[in-house]
Amino acid sequence: FGTARVFGTARVFGTARVYGNAQVSGDARVYGNALVSGNAQVSGDAWVFGTAWVFGTARVYGNAQVSGDAQVYGNAWVSGDAVASRSPVTVGLQPHPITVTDNHIQIGCELHTKEEWLANYKTIGVENSYTKEQIKWYGALIKLLLALPK
């Protein structure tokens, strides 16, 4: 629908829909009752299935899987081997938003397990040229987000 595109060897099947300006590419799969819309992108070997929605300017890529009733939206990124079987938590920060999935946290291009972020956020921040103040804020938010009930 609209100007949506499915290209490469990507497949959309079942009752899944891709519409708006959304793109599904690479070897990505969208199936079941899943929806991809807006300016969202699903690429690489990513899978979106079940009743999951990916919309807005969200990106799902790499080997990531979004399933169940998860909703990935806004500027959230789910990538690498991350799995989102419920809606991830996304906090919009500058310079990069934080996205928390079932077992991973993504900040910008950095995807690590929750435990790795907790143990190494200062080192990762320094390696990515964050200021001391930004590292402090990201560290505090990582701790807060991990303390939230599941």
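## Some details on the pattern of salt bridges
A full pass over the atoms with the stated rule returns one salt bridge. Between R86 and D102 there is a salt bridge, and its shortest N-O distance comes to 3.8 Å. With R86 in the loop between β14 (83–84) and β15 (89–91) and D102 in the loop between β16 (98–100) and β17 (104–107), the pair connects residues that are 16 residues apart, well separated along the chain. A relative accessible area of 38% places R86 in the partly exposed class. Given a relative accessible area of 13%, D102 falls into the buried group.

## Quick look at the nonpolar core
Among the nonpolar cores identified, the biggest contains 25 residues, and V42, V48, V54, V60 and V66 are the most heavily contacted of them. In this structure, I98, I105, I124 and Y130 belong to the second largest nonpolar core, which totals 13 residues.

## Notes on the packing of aromatic side chains
Applying the stated rule across the entire model yields eight aromatic pairs. Measuring from ring centre to ring centre gives 6.0 Å for Y31 and W47, while their planes differ by 75 degrees; the resulting arrangement is edge-to-face. Here Y31 is found in the loop between β5 (29–30) and β6 (35–36), whereas its partner W47 is found in strand β8 (residues 47–48), with 16 residues between them in sequence. A residue is classified by how much of its surface remains accessible, and Y31, at 21% relative accessible area, is partly exposed. Judged by centre distance (6.1 Å) and plane angle (75 degrees), the ring pair of Y61 and W77 falls under edge-to-face. Of this pair, Y61 sits in the loop between β10 (59–60) and β11 (65–66) while W77 sits in strand β13 (residues 77–78), placing them 16 residues apart in sequence. Judged by its relative accessible area of 23%, W77 is partly exposed. These aromatic residues form a ring-pair network of at least three members: F13, Y31, W47 and F49.

## So, the sheet that holds strand β1 (residues 5–6)
Pairing between sheet strands relies on hydrogen bonds along the backbone, with the strands arranged either parallel or antiparallel. If you walk across this open sheet you meet the five strands as β1-β4-β7-β10-β13, and the pairing is parallel. Two strands lie at the open edges of the sheet, namely β1 and β13, each paired on one side alone. Bridge analysis of strand β7 (residues 41–42) against β10 gives two bridges, and the strand direction is parallel. In the sheet register, Q41 faces β10, and the bridge partner there is R59.

## Concerning the pairing of β17
Of the two faces of β17, both are covered, the one formed by H104 and Q106 as well as the one formed by I105 and I107. Connecting the antiparallel pair β16 and β17 is a turn made up of three residues. Alignment of β17 against strand β18 (residues 110–113), held across four bridges, turns out to be antiparallel. By the bridge assignment, Q106 is partnered in β18 with L111. Counting the residues that bridge the hairpin from β17 to β18 gives two residues, and of these G108 lies at a positive phi of roughly 60 degrees.

Rules used in this analysis
Residues numbered from 1 in each chain as written. Predicted model: local features only at pLDDT ≥ 70, side-chain atom pairs only at ≥ 80, totals over all residues. Heavy atoms only, no water. Salt bridge = Lys/Arg side-chain N within 4 Å of Asp/Glu carboxyl O. Helix = DSSP H or I, 4+ residues; strand = E, 2+ residues; numbered from the N terminus. Buried < 20%, exposed > 50% of the residue type's maximum accessible area, 1.4 Å probe, protein only. Core = buried A, V, L, I, M, F, W, Y, C linked by side-chain atoms within 4.5 Å. Phe/Tyr/Trp six-rings, centres within 6.5 Å; stacked < 30°, edge-to-face > 60°. Pairing = 2+ DSSP bridges.

Structural measurements only, silent on function.
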